[in-house]
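Architecture and fold: a report
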Amino acid sequence: MLSGRRLDLLDPSPLDIEIEDIAHGLARVARWNGQTRGAHIYSVAQHALFVECIARQREPNLDRRLRLAVLLHDSPEYVIGDMITPFKAVIGDSYRAVEARLHVAVRLRFGLPPALPKEVKRLIKAADRSAAYLEATRLAGFDAAEARRFFGRPPALAPALERDYLDPWPANRVEARFLKRFRELAAE
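Values in this document were obtained by computation on a predicted structure and should not be read as measured data. (Residues numbered from 1 in each chain as written. Predicted model: local features only at pLDDT ≥ 70, side-chain atom pairs only at ≥ 80, totals over all residues. Heavy atoms only, no water.)

Attention shifts here to a nonpolar patch on the surface. On the surface, I84, F87, V90 and I91 cluster together into a nonpolar patch covering about 360 Å² of accessible area. With respect to the helices and strands, the residue I91 is situated in helix α5 (residues 85-91). Of the residues examined, I91 reaches a relative accessible area of 33% and is grouped as partly exposed. (Patch = residues over 30% accessible without salt bridge, like charges linked within 9 Å, V, L, I, M, F, W, Y side chains within 5 Å. Areas by Shrake-Rupley, 256 points an atom, 1.4 Å probe, with all protein chains shown as cover. Salt bridge = Lys/Arg side-chain N within 4 Å of Asp/Glu carboxyl O. Helix = DSSP H or I, 4+ residues; strand = E, 2+ residues; numbered from the N terminus. Buried < 20%, exposed > 50% of the residue type's maximum accessible area, 1.4 Å probe, protein only.)

And the structure:
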């Protein structure tokens, strides 16, 4: 990692995880395999910010630690990249095992429970699917019917919110916004 940390993917230690490495990596990992509209990639970091925003709207009283867990829901991708769901299914249990170990290490590093409560997992999944629907239709060339088949119904969000989060940001901007939001949640 740029911080100088070395992370063992098979046995990750929370002591080897730095938020700056996560923010830097996720800001440079492309969602949708880079097949999106815009002058910049649509990054996993921008997606994570969008998912946290959607989750916050759905559950405004959610504890800040759990909002932090929502922000970090794709954090393993800072080292293993983002793979499309069908490919993850082909790889199978090996991928899921590495991803799960990384999730636990990240959560422990930032004072979160190693396993999230079921209701938080459901909230993350719902917010993630809502974000994916909008990303698919606004950025990745899906029509509405195709997106509904994969991601369910479109969410109702303010147009200004959609415009902000669905306009791909440059890597340095998304990295800074991710770190800022992390610090806001960690300091509450």
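Applying the stated criterion across every chain, the model contains eight aromatic pairs. Between the aromatic rings of W32 and F142, the centroid separation amounts to 5.5 Å while the plane-to-plane angle is 65°, which identifies the pairing as edge-to-face. Taken as a pair, W32 in the loop between α1 (19-26) and α2 (44-58) and F142 in the loop between α7 (118-138) and α8 (144-151) lie far apart in primary sequence, 110 residues in all. Each member of the pair, W32 as well as F142, is classed as buried. An angle of 70° between the planes, with centres 5.0 Å apart, marks the rings of F110 and F182 as edge-to-face. Separated by 72 residues along the polypeptide, F110 in the loop between α6 (93-109) and α7 and F182 in helix α10 (residues 171-187) bring together distant segments of the chain. No difference in accessibility class separates F110 from F182, as the two residues are buried. (Phe/Tyr/Trp six-rings, centres within 6.5 Å; stacked < 30°, edge-to-face > 60°.)

Turning our eyes to something else, we now look at the packing of α2 against α10. Interhelical geometry of α2 versus α10 gives an angle of 40° and a closest axis separation of 9 Å. Relative to α10, the element α2 is oriented oblique. α2 and α10 meet at a crossing whose hand is left-handed. Where α2 approaches α10, its residues A45, Q46, A48, L49, E52 and R56 are matched on the opposing element by V174, R177, F178, R181 and L185. For the contact of α2 with α10, the per-class residue count stands at six nonpolar, one polar and four charged. (Axes fitted to C-alpha atoms, helices over the stretch in contact; angles between N-to-C directions. Parallel < 35°, antiparallel > 145°, perpendicular 65-115°, else oblique. Left-handed = near helix turned anticlockwise from the far one by under 90°. Contact = heavy atoms within 4.5 Å. Nonpolar A, V, L, I, M, F, W, Y, C, P; charged D, E, K, R; others polar.)

The next thing to look at is the layout of surface pockets. Any space left empty among the atoms is revealed by the rolling of a water-sized probe across them. For the largest pocket, the calculated volume is near 1,100 Å³. The set of elements that each furnish at least two residues to the lining of the largest pocket consists of α5, α6, α7 and α8. Residue classes in the lining of the largest pocket are distributed as 14 nonpolar, four polar and twelve charged. (1 Å grid on protein atoms, 1.4 Å probe; cavity = no way out; pocket = protein on both sides within 12 Å on 5 of 7 lines; lining within 4 Å. Points joined across faces, edges and corners; volume = space filled by probe spheres on them.)

To continue, consider empty space enclosed by the protein. Counted under the stated rule, the structure contains one cavity of 30 Å³ or more. Roughly 30 Å³ of volume is contained in the largest cavity. For the lining of the largest cavity, the per-class residue count stands at three nonpolar, three polar and one charged.

This paragraph deals with the packing of α2 against helix α3 (residues 64-71). Where α2 contacts α3, the two axes come as close as 8 Å, and the packing angle between them is 145°. The handedness of the crossing between α2 and α3 comes out as right-handed. Across the interface between the two elements, A48, L49, V51, E52, A55 and R56 of α2 pack against R67, V70 and L71 of α3. Per-class residue counts for the contact of α2 with α3 are six nonpolar, no polar and three charged.

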